[in-house]
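Coordinate analysis (summary)
Each chain is listed here by its residues.
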Amino acid sequence: MDAEAKSFHAVTEVLPSPENIQHARSQLIKTLPGKGSGLDQIQKHLQNDLVPAFDRHNKTPNYYGFVTGGTTPASLLADHIAVDNDQSLMVHLPKDSISVEAEDCALRMLCQLLDFEPERWPHRTFTTGATASNVLGLACGREYVIRRAAEVNGGEVVSVADYGLPEAMRRAGIENMQILSEVPHSSLRKAASIVGLGRASVRNVGLANAAHRFDFEALEAALEEPRTASIVSISCSEINTGFFATSGDDMQRIRQLCDQYGAWIHVDAAFGLLARVLPQTPEYEVLTQGVKDLHLADSITGDGHKLLNVPYDCGFFFSRHLDLGTAVFQNTNAAYINSNAAATSSGTPSIPSPLNIGIENSRRFRALPVYASLTAYGRNGYRDMMERQISLARAIAKYIDNSVHCELLPKGNSIDNIYIIVLFQAKDENINDELVQRINATRKIYVSGTQWDGRPAARFAVASWQVQVEREMATIKEVLESACT
Ligand SMILES: *Cc1c(COP(=O)(O)O)cnc(C)c1O
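Residues numbered from 1 in each chain as written. Predicted model: local features only at pLDDT ≥ 70, side-chain atom pairs only at ≥ 80, totals over all residues. Heavy atoms only, no water.

**Considerations on the side chain of His-305**
Using the following cut-off: Every helix listed is a DSSP run of H or I at least four residues long, and every strand listed is a run of E at least two residues long, numbered separately from the N terminus. Here a polar contact means two N or O atoms within 3.5 Å. Within protein one must be a hydrogen donor candidate and the other an acceptor candidate, and residues neighboring in sequence count only if both atoms are side-chain atoms. Should any heavy atoms of two residues lie within 4.5 Å, those residues are considered in contact.
Locating His-305 in the fold gives a position in the loop between strand E7 (299-303) and strand E8 (315-319). Here Asp-303 takes part through its side chain, which lies 2.9 Å from a polar atom of the side chain of His-305. From its side chain, His-305 meets the backbone nitrogen of Cys-314 in a polar contact 2.9 Å long. If we skip the residues at most four places from it in the chain, His-305 touches Thr-68, Gly-69, Thr-128, Gly-129, Val-310, Pro-311, Tyr-312, Asp-313 and Cys-314.

Right, dumping it as structure tokens:
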């Protein structure tokens, strides 16, 4: 991996030129032709007109906008093979295709990479991304908390999946459902909307400072509310700061409270999860503490297309409750599929058919790039990749911290807290208002704009397997030197 990264020749501009975009726009085909143009013509059109107008986040390590990740060479190769063979991975048909078994191997290796025992996470599946995984987490959580409430209130088995939310809540004696979190990713509210809990069900039980940690008093008070069922959602690395919501024995305290009140714990660890590949050394202590005891959660969201550096789209989802997952996602009464029989009649240990444990029926073979990349680079390759990325983020943070023109955020932040996100502002108000624009206008690097304490702020997100610390730092220093003054 290191050799591949070193031999990589980055393009020098992170964005296409305005002329290229303008040209592509003028060439876009908006009317369905009667007689098609043919393969040669469309190839020329794609390569010559459209490709030059795409962003280059996968062509240079100097794109620090959203946490986009890139595609490792092994995952790129595997993605081509996946498309070429167009497997649908809906049902496990062991005599027809090895694809679902390969997916299962990819999920097992993923568990091993992240130091989870695969046997403890029997409900595991690939999704389209962290948003979809959050939908799965809330859907399973919703099923769990209503069942638990019904158990306590009389013993009847009440399933949201069967009755629907209003009837299930009535039978379980529940009037409110809430999602308790600190600084959740925007997609959690979207997921809450999709599963019928509503955006307003997401309640803040975080401390009022910038540390993004739980306020345990507020959490317990909320869990205690009568006729209320709760899902606790933990931000395992917050998108603006990279801060982790839990540390030390926090997960154990949360587990204990949730057991007491029948709540479900979901962890949104879209990009935080990869901190679990880091060695247990003092320099990474804050980060490894942030992902400690995640095995106590009920469900976990992870993103493949972010720090795992496999192609879009790829997310994953782990839950300890396969029975609940199957209750929610079972694709019932389709005689032509007969998925359960297929799964159990094979000689191999039964693998649940993916259509019964996730959103989609037909699914892309997004497991193959994961399978290939984990195998090609192994644990050490991924550890090295993470260490280079963190090392670059920390070098950027140090540079900003020492600069007289810029300020590292949140105020008083220390380098030990830095994961792969660096949040900062220019000290001069006028420069700060156009800081992101100035940086991105150089086209040498790209950062994203955000808000902090009511003022504009800029944010680096380091997420590419290609990162070489010294090489990238030289470019970044040059850009910041001119943009911040
Ligand atoms: C990126 C992100 C998401 C959304 O992920 P998608 O893959 O874009 O759906 C959710 N949660 C967190 C913490 C994220 O960083």
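Resuming the write-up.
**What to know about the UniProt feature "modified residue: N6-(pyridoxal phosphate)lysine" (unreviewed entry) in the chain**
Stated precisely, the cut-off is as follows: UniProt positions are given in the numbering used here, feature names are shortened, and annotations may be inferred rather than shown by experiment. Categorising residues by exposure relies on relative accessible area from a 1.4 Å probe, with only protein chains included: less than 20% of the type maximum marks a residue as buried, more than 50% marks it as exposed, and the intermediate range marks it as partly exposed.
UniProt feature "modified residue: N6-(pyridoxal phosphate)lysine" (unreviewed entry): in the numbering of this structure it lies at Lys-306. Inspection of the secondary structure assignment puts Lys-306 in the loop between E7 and E8. Exposure remark for Lys-306: the relative accessible area of 12% places this residue in the buried category. With residues up to four places along the chain from it excluded, the contact list for Lys-306 reads Val-67, Thr-68, Gly-69, Ala-270, Phe-271 and Ala-463.

**Some details on the side chain of Glu-182**
To keep it simple, the criterion reads: As used throughout, the charge tally considers Lys and Arg to be positive and Asp and Glu to be negative, leaving His and the chain termini uncounted. Put simply, a salt bridge is a Lys or Arg side-chain nitrogen that is within 4 Å of an Asp or Glu carboxyl oxygen.
With respect to the helices and strands, the residue Glu-182 is situated in the loop between strand E3 (176-181) and helix H9 (186-194). Although buried, Glu-182 forms no salt bridge, and the nearest oppositely charged side chain, Arg-213, lies 8.7 Å from it. Here Ser-235 takes part through its backbone nitrogen, which lies 2.9 Å from a polar atom of the side chain of Glu-182. Every residue in contact with Glu-182, bar those within four places of it in the chain, is listed here: Asn-204, Gly-206, His-212, Arg-213, Phe-214, Ser-233, Ile-234, Ser-235 and Ala-245.

**Comments concerning the packing of aromatic side chains**
Stated precisely, the cut-off is as follows: Here a pair means two rings of Phe, Tyr or Trp (six-membered ring of Trp) with centres within 6.5 Å. Their orientation is stacked below 30 degrees between planes, edge-to-face above 60, and tilted elsewhere. A ring has a charge above it when a Lys NZ or an Arg CZ is no more than 6 Å from the ring centre and no more than 35 degrees off the ring normal.
This structure, assessed with the given rule, holds eleven aromatic pairs. Between Phe-316 and Phe-318, the ring centres sit 5.4 Å apart and the planes meet at 40 degrees, which makes this aromatic pair tilted. Like Phe-316, the residue Phe-318 is buried in the burial classification. Within the aromatic cluster, the residues linked to one another by ring pairs are Phe-116, Trp-121, Phe-316 and Phe-318. The positively charged end of Arg-171 is found above the aromatic ring belonging to Tyr-163, 4.1 Å away from the centroid. For Arg-253, the ring lying beneath its charged end belongs to Phe-216, and the centroid distance is 3.9 Å.

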